[in-house]
Amino acid sequence: MRPYFEEMPRLGKALKKGQIKRTEENLGQFKEAEKAVEAEVQRIKDAGFPTEKINKRGQMTVWQRLEYLVDPGTWSPLHTLYNPAENEEGTTNVIDGLGKIAGRWAVVIGFDNKVMAGAWLPGQSENILRVTDLAKRLNIPLVWLVNCSGAKLPEQEKFYANRRGAGTPFYRHAELEQAGVPIIAGIYGTNPAGGGYQGVSPTVLFAHKDANIAVGGTGIVSGMAPQGGFNVDMAEDLIEKVKSFKAKPPGRVETHFHETGFFRQVFDDEKGVLDAIKESMKGMPAYDPKFFRVAEPKPPEYEGEDLYRLLPLNPKMVYEFEEILARLVDRGQHMEFRPDYGPEVYTGLCKVDGFLVACIGNRQGYLGKGYPEYADYPGIGGKLYRQGLIKMNEFVTLCGRDRIPIIWFQDTSGIDVGDAAERAELLGLGQGLIYSIQSTNLPMMLVLLRKGSAAAHYLMGGPTANRNNAFTLGTAASEIYVMHGETAAVATYSRRLVKEKEAGRDLEPVIESMNRLAQEYHEKSRPIFCAKTGMVDEIVPLDALRGYLVGFAGAAYQNPISICPHHHMILPRIIKG
């Protein structure tokens, strides 16, 4: 299949001087919006004790551990702003992402030891579940940096139990290992109770000399036999026991290296633990990238900085999707599937770091006379119509057959509505696309360029496709809502307006309610809100998107659960005709 993939038709064109001049304002506005996201990220990094204080204790922070562990230039952070329970700490207390260790891709997660010594916080278990899902979806190792002081006890009811509570990650660890996905852990600090399970549930454990894992620790000594309250004598007794436990906490290296053998190796310095993880990663299951690459890796034809001039921050302005894609894939090369059908969506094969990927994205603007063919109104890009839904069903199904990972690019206002749309079977075709996605069992990722709206957000590889969706990226232009705020206000209050008008009452109070609802929709659809609540997994600068695509493609092809030989593929041949 070399002739198919080495040289493919090219997308895009270089920016002209007039275009550069016209888009200067958009570039400035986009960069300013990204600064607000950067400030939130920095707030997370600065949470808890200062780095200097942690270092004075002889410890590295989780950020320093990650920097030492992960191969330079490969780190793609995820869930940095995730805080669905709005913890006062501003974080779920775990830091995670996708990166290479010793040349192999892994999902990496670590407790933030600057914040309450890495305690469990509300929302943390859900964050961990997203991480275990990612390792399972990409079939790559999960690497843990364990430094967990146990639960934040005053808020235990917010995370301890329940179907997706703090115990669930331990079952997910077992599930990963049963599926053949290894979990490698570096153990630091004191890890009692849930921290102990977090320490012992991985596959291989490397420990620092001062680390421990235990069923319980100093903090719950003498509390296992409640007596109905506390008094001074009990307090004095507790003080003595705490002093004793502090000197010799249970589950030390003496126990779990020399007696139980849980710790495979123990190291005198922190970097020794990280070096052991690196060495272990060298032996993880991984194909040589040459096995799956269809061509030599090449950078995009044009600079990623161009994206700030090509993607309007204003959601009402149109742009050419192909120009965006040309700045993200190798040499801007592609093979488009059914270019003369379903013009509202682009479907095609591209290369990312030499690996074959499928790309699907919304086109914008007027779609031409006579389209959609079933209606007497013009089709506008961003919406989905009959042909586009059929085309995506076909393309996704063929990608599943050929085992080609899919990258979705969303900027959608929803599916066409009305009697004509219902007669055109859009409801059934939309659910058909969901069925097609589920049938593939393929790794997928989503880039939410701007709008994710209505059911179209579900259909086009959204986070709801969680069997397939590895992660979802947002930009500083992203917004997610079931419908635009003004549309929601009309849907909510239009009948009320009629009643008030017929009754001869003042319309102003209803209008105020409509404006208030529209404003709430706006505030609860902003990029930072979407990241905190988990609607997206990370807000990414436009010029950093390519790195995530490279990470996704490399991880998806590192150790795939199924293979289609290149010369058995049918999709490239269908495109060629």
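What you see is a predicted model; the values in this text were computed from it and never measured.

Draft legend 1. Structural context of empty space enclosed by the protein. Under the definition given, this model contains three cavities of 30 Å³ or more. In this structure, the largest cavity occupies an estimated 190 Å³ of space. If you trace the largest cavity, you find 19 residues lining it, with Arg403, Pro443, Ala556, Pro560 and Ser562 closest to the centre. Here the lining of the largest cavity is composed, by residue class, of 12 nonpolar, four polar and three charged. A domain split of the lining of the largest cavity shows at least three residues from each of domain 1 (1–45 + 296–478 + 536–558) and domain 2 (47–215 + 250–281). The space that makes up the second largest cavity amounts to roughly 50 Å³. Looking at the second largest cavity, the residues that line it are Trp120, Leu121, Gln124, Ser125, Ile128, Phe159, Ala166, Pro169 and Gln198.

Draft legend 2. View of the pattern of salt bridges. In total, this model carries 37 salt bridges according to the counting rule given. Residues Glu175 and Arg172 are paired through a salt bridge, measuring 3.8 Å at the closest nitrogen-oxygen approach. With a gap of three residues between them, Glu175 and Arg172 both fall in helix α7 (residues 168–178), about one helical turn apart. For Glu175, a relative accessible area of 31% corresponds to the partly exposed category. In this structure, Arg363 and Glu322 form a salt bridge, with 2.7 Å as the shortest nitrogen-oxygen distance. Note that Arg363 is positioned in the loop between β12 (355–362) and β13 (383–384) and Glu322 in helix α13 (residues 321–326), a separation of 41 residues in sequence. Given a relative accessible area of 14%, Arg363 falls into the buried group. Take Glu322: its relative accessible area is 19%, and that puts it in the buried class. Here the salt bridges share partners, and the residues they tie into one network are Lys13, Asp306, Glu320, Glu323 and Arg327.

Scoring rules and cut-offs
Residues numbered from 1 in each chain as written. Predicted model: local features only at pLDDT ≥ 70, side-chain atom pairs only at ≥ 80, totals over all residues. Heavy atoms only, no water. 1 Å grid on protein atoms, 1.4 Å probe; cavity = no way out; pocket = protein on both sides within 12 Å on 5 of 7 lines; lining within 4 Å. Points joined across faces, edges and corners; volume = space filled by probe spheres on them. Nonpolar A, V, L, I, M, F, W, Y, C, P; charged D, E, K, R; others polar. Domains from an automatic or database assignment. Salt bridge = Lys/Arg side-chain N within 4 Å of Asp/Glu carboxyl O. Helix = DSSP H or I, 4+ residues; strand = E, 2+ residues; numbered from the N terminus. Buried < 20%, exposed > 50% of the residue type's maximum accessible area, 1.4 Å probe, protein only.

Any functional reading would require information beyond the geometric quantities listed.
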